[in-house]
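As a plain string of letters, each chain reads:
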Amino acid sequence: MMSLGATKNICACSPKQTARLGHAVGLALYQGPLIGVAYPATVRLATIFHRQPSPCTRSFTTTPAHQLRDVFPRKDTPFVRKTPPAWKHPGYTEEELLSVTPGHRPPQGVGDWVAWKLVRLARWATDLATGIKRDQQVDMKNPTTSLAAEKPLTEAQWLIRLIFLESIAGVPGMVGGMLRHLHSLRRLKRDNGWIETLLEESYNERMHLLTLMTISEPGWFMKTMILGAQGVFFNAVFLSYLISPRITHRFVGYLEEEAVHTYTRLIREIEQGALPKWSDPAFEAPEIAVTYWKLPEGKRTMRDLFLYIRADEAVHRGVNHTLSNLKQKEDPNPFVSEYKAGQEGHKPNAALKPEGYEREEVIGVESLPSGPSPKPYLHHA
Ligand SMILES: [Fe+2]
Ligand SMILES: [Fe+2]
């Protein structure tokens, strides 16, 4: 069902099918500004996809399975040689790459519970859209930590899953950063270092997407799903961040738990040789990835690439769970702050703590005055 065949038969979809797809997208966009409907709309699309027999389903990607790269050849320009990344990647040690593990922060309170359930719904919809069969499922009692399944996913299923997830994952950081930026301008107040981290997160997620796009080009159905999902998801996150940034960061933290789980399972299946193309050491990471992550010579296999992406997701997970634990309007961003002499032990490393840091671990509630602080704690903007 998920074959990567070329889609010259796009027109093979009947007018009725096309009408149903259009109707689904219309519904998705119409119901935009409500957080609770973001994923049901995706589910609608997914359900329609699920019911459609081939060949309509082939339109997830236009790249044939035997040609999973170089679909976007680099465009040459008369004067410009290259455009370096705005945010240079900090890089990881081998130890850091290998120490990432799937994890889960148990929900505490109603807000956490709602965020967690929304992510569960999103995972269910993604599984449905990816055409995951029962024997490809992991133990759903521990959905973000268990990795073993009877059967692996195919490379085509992985690509669909990853591209869709990354196109969604780049939204919240940009929305959060934008709203905090506007808040700072409007209220004439410093932000204490949150904006840059949030914008960098969305930039990093887009680099994940661009990297995957050099391996496979999505078909019209996938592009429609991305369009519909972004129309809904952007509005949902926008409203949600205005209403409760704390719950929104928790939601992103749970989303990133899924991302770490997804990439860990993928790496495991590559190591087991279950994905012949990506397990082949001759299939190297694309140039955009080599440049961005500064992948060292001899460490450019697809496994290496996914280790780097997984470490990024682990950072997002720790950052968002931690930010959710802080006072949104007054606390500094501990991940970019300098600590007082003797307090460096509290400096957080986001990737190390899947459940994030509690406020007292990184801010030190004992030493803080009660009520809003009249001044920013640190020098960061
Ligand atoms: Fe990502
Ligand atoms: Fe992420």
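Keep in mind it's a predicted model, so treat the numbers as computed, not measured.

Asker: Quick one: what's the story with the overall build of the protein chain, residue by residue and with numbers?
Answerer: In terms of helices and strands, the protein chain carries 13 helices and zero strands. Listed N to C, the secondary structure of the protein chain is α-α-α-α-α-α-α-α-α-α-α-α-α in terms of helices and strands. In the protein chain, which comprises 381 residues, the proportion classed as buried is 43%. Sequence-distant contacts, at least 24 apart, represent 83% of the contacts inside the protein chain between residues at least 6 apart.

Asker: Tell me about the packing of helix 4 (residues 110-129) against helix 9 (residues 245-271), and name the residues and values.
Answerer: Remark: helix 4 packs on helix 9, axes separated minimally by 9 Å, with the N-to-C direction vectors making an angle of 40°. Taken as axis vectors, helix 4 and helix 9 run oblique relative to one another. Here helix 4 runs over helix 9; the crossing is right-handed. On helix 9, the residues touching Gly-111, Asp-112, Val-114, Ala-115, Trp-116, Leu-118, Val-119 and Arg-123 of helix 4 are Arg-246, Ile-247, Arg-250, Phe-251, Tyr-254, Leu-255 and Glu-258. Counted by class, the contact of helix 4 with helix 9 contains nine nonpolar, one polar and five charged residues.

Asker: Lay out the packing of helix 8 (residues 220-243) against helix 9 in plain terms, naming residues and giving numbers.
Answerer: With their axes 6 Å apart at the nearest point, helix 8 and helix 9 run at an angle of 135° to one another. With respect to each other, helix 8 and helix 9 are oriented oblique. From helix 8, Val-237, Ser-240 and Tyr-241 reach across to helix 9, where they touch Pro-245, Ile-247 and Thr-248.

Asker: Describe the environment of Glu-271, naming the residues involved and giving the relevant values.
Answerer: Turning to its location among the elements, Glu-271 is positioned in helix 9. Separated by 32 residues in sequence, Glu-271 and Arg-303 have C-alpha atoms that sit 7.6 Å apart.

Asker: Describe in detail helix 8, supporting the description with residues and values.
Answerer: Side chains three or four residues apart in an α-helix point the same way, a direct result of the helix having 3.6 residues per turn. Between the first and last C-alpha of helix 8 there are 34 Å, a value that for 24 residues agrees with the 34 Å anticipated at 1.5 Å per step. Looking at helix 8, one finds that the buried residues are Phe-221, Met-222, Met-225, Gly-228, Ala-229, Val-232, Phe-233, Ala-236, Val-237, Phe-238, Ser-240 and Tyr-241.

Asker: Any chance you could break down unusual backbone geometry for me, citing the residues and the numbers?
Answerer: In this structure, Asn-192 takes a positive phi of about 60° despite not being glycine. Its place among the elements puts Asn-192 in the loop between helix 6 (171-187) and helix 7 (194-213). Although it is not a glycine, Lys-294 adopts a positive phi angle of roughly 50°. Looking at the secondary structure, you find Lys-294 in the loop between helix 11 (287-293) and helix 12 (302-325).

Asker: Describe the environment of Phe-233, with residues and values.
Answerer: On the secondary structure map, Phe-233 appears in helix 8. Placed 61 residues apart in sequence, Phe-233 and Pro-172 show a C-alpha to C-alpha distance of 8.8 Å.

Asker: Pulling in residues and values, what's your account of the nonpolar core?
Answerer: Counting residues in each nonpolar core, the largest one holds 70 residues, and the members touching the most others are Val-119, Leu-159, Phe-164, Phe-251, Phe-306 and Ala-311. Looking at this core, the elements with two or more residues in it are helix 4, helix 5 (155-169), helix 7, helix 8, helix 9, helix 11 and helix 12. Look past the residues within four positions of Ala-311 in its chain and what remains in contact with it is Tyr-92, Glu-96, Leu-97, Val-100 and Ala-351.

Asker: Account for the confidence of the model for the protein chain, naming residues and giving values.
Answerer: Chain-level statistics for the protein chain give a pLDDT mean of 80 and a share of 76% at 70 or above. Contacts of residues 1-58 to residues separated by more than four positions or lying in other chains number 92 contacts, the stretch itself having pLDDT below 50. Within the model, pLDDT remains below 50 along residues 371-379, and this stretch shows 11 contacts once partners closer than five positions in the same chain are excluded.

Asker: Run through the environment of Tyr-357, naming residues and quoting values.
Answerer: Mapped onto the elements, Tyr-357 comes out in the loop between helix 12 and helix 13 (359-362). Along the chain, Tyr-357 and Asn-325 lie 32 residues apart, while their C-alpha atoms are 7.5 Å from each other. With residues up to four places along the chain from it excluded, the contact list for Tyr-357 reads Thr-322, Asn-325, Pro-348 and Val-362.

The rules behind each value
Residues numbered from 1 in each chain as written. Chains lettered and ligands numbered in written order. Predicted model: local features only at pLDDT ≥ 70, side-chain atom pairs only at ≥ 80, totals over all residues. Helix = DSSP H or I, 4+ residues; strand = E, 2+ residues; numbered from the N terminus. Buried ≥ 20, exposed ≤ 12 C-beta atoms within 10 Å, placed from the backbone. Contact = placed C-beta atoms within 7 Å. Axes fitted to C-alpha atoms, helices over the stretch in contact; angles between N-to-C directions. Parallel < 35°, antiparallel > 145°, perpendicular 65-115°, else oblique. Left-handed = near helix turned anticlockwise from the far one by under 90°. Nonpolar A, V, L, I, M, F, W, Y, C, P; charged D, E, K, R; others polar. Expected span 1.5 Å × (residues − 1). Core = buried A, V, L, I, M, F, W, Y, C linked by C-beta atoms within 7 Å. pLDDT = per-residue confidence, 0-100.

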